[in-house]
Amino acid sequence: MFSKSLKNALLIGAALACGFAAAGAAATADTPASAPSANAGVDPGKAIVDKACQSCHELGMVTDARHTAKEWTSVIDRMRANGAELSDDDAKQVQAYLTKLYGKPG
Ligand code: HEC
C-alpha cells in the first residue's frame, strides 16, 4: 500500500522532471546568440588561468603569489618561456586578472 503510492509519486515526479527538462531545452534553443551567456561577469582572465596555469603546477602556486603589475608581467613572460601556452592577448588578460586579485602595492 505504502510502497505503491510511493512508486506513483516517483513516477509523477519523473514525468514532471522530464516535462521541465524539455521546456528548458526549448527555451535555450530560442535564446538569441547575442543574449548574455551564463558566464557573463566571469573574468576572461580567470578562464585562461584555469586552463593554462595548472598543467605544470597547482593553481595554488599562482594564487599564493603576490606580485605588482610589473612583476606579474615578468612572471607571465617567464611562464611562457617555461612553456605556458598563451597568446599575447591571453597574457594581457591574465596579467590584468592576476594583478587585480593577487596584486600587491608597488
Ligand atoms: C610549462 C609549465 C608551466 C606552466 C604552463 C605554468 N607555469 Fe608557473 N611555473 C613553472 C615552473 C617550472 C615554476 C618554478 C620556476 C619559476 O619560477 O620559473 C613556476 C612557478 C610559478 C610561480 C611562482 C614563482 C613566482 O615568481 O611567484 C607563479 C606565480 C607561476 N608559476 C604562475 C603561473 C601562471 C600565472 C601560469 C599561467 C599563465 C603558469 N604559471 C603556468 C612552470 C609553468
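On to the nonpolar core, then. Ranked by internal contacts, the top residues of the largest apolar core, which has 15 residues, are Val-49, Trp-72, Ile-76, Leu-86, Val-94 and Leu-98. What Trp-72 contacts, discounting residues up to four positions off in sequence, is Val-62, Ala-65, His-67, Gln-95, Leu-98, Thr-99, Tyr-102 and Gly-103.

Before going further, it helps to spend a moment on the coordination of the iron atom of the ligand. Ligation of the iron atom of the ligand by protein atoms is provided by His-57 (NE2) and Met-79 (SD), these donors lying 2.0 to 2.2 Å from the ion. We classify His-57 as partly exposed; its relative accessible area is 23%.

Lining the immediate surroundings of the ligand are 18 residues, of which Cys-53, Cys-56, His-57, Arg-78 and Met-79 lie closest. At 2.7 Å, a side-chain N or O of His-67 approaches an oxygen atom of the ligand. With respect to the ligand, the side chain of Asn-82 contributes an N or O atom lying 3.4 Å from an oxygen atom. Within the residue set of the shell around the ligand, elements represented by two or more residues are helix H3 (59-63) and helix H4 (69-82). Looking at the shell around the ligand element by element, the count peaks at five residues for H4. By residue class, the composition of the shell around the ligand is 12 nonpolar, five polar and one charged.

Reading guide: rules and limits
- Residues numbered from 1 in each chain as written.
- Predicted model: local features only at pLDDT ≥ 70, side-chain atom pairs only at ≥ 80, totals over all residues.
- Heavy atoms only, no water.
- Core = buried A, V, L, I, M, F, W, Y, C linked by side-chain atoms within 4.5 Å.
- Buried < 20%, exposed > 50% of the residue type's maximum accessible area, 1.4 Å probe, protein only.
- Contact = heavy atoms within 4.5 Å.
- Donors = N, O, S within 2.8 Å, 3.2 Å for Na, K, Ca; no water.
- Near = heavy atom within 4 Å.
- Polar contact = N/O pair within 3.5 Å; in protein donor to acceptor, adjacent residues only side chain to side chain.
- Helix = DSSP H or I, 4+ residues; strand = E, 2+ residues; numbered from the N terminus.
- Nonpolar A, V, L, I, M, F, W, Y, C, P; charged D, E, K, R; others polar.

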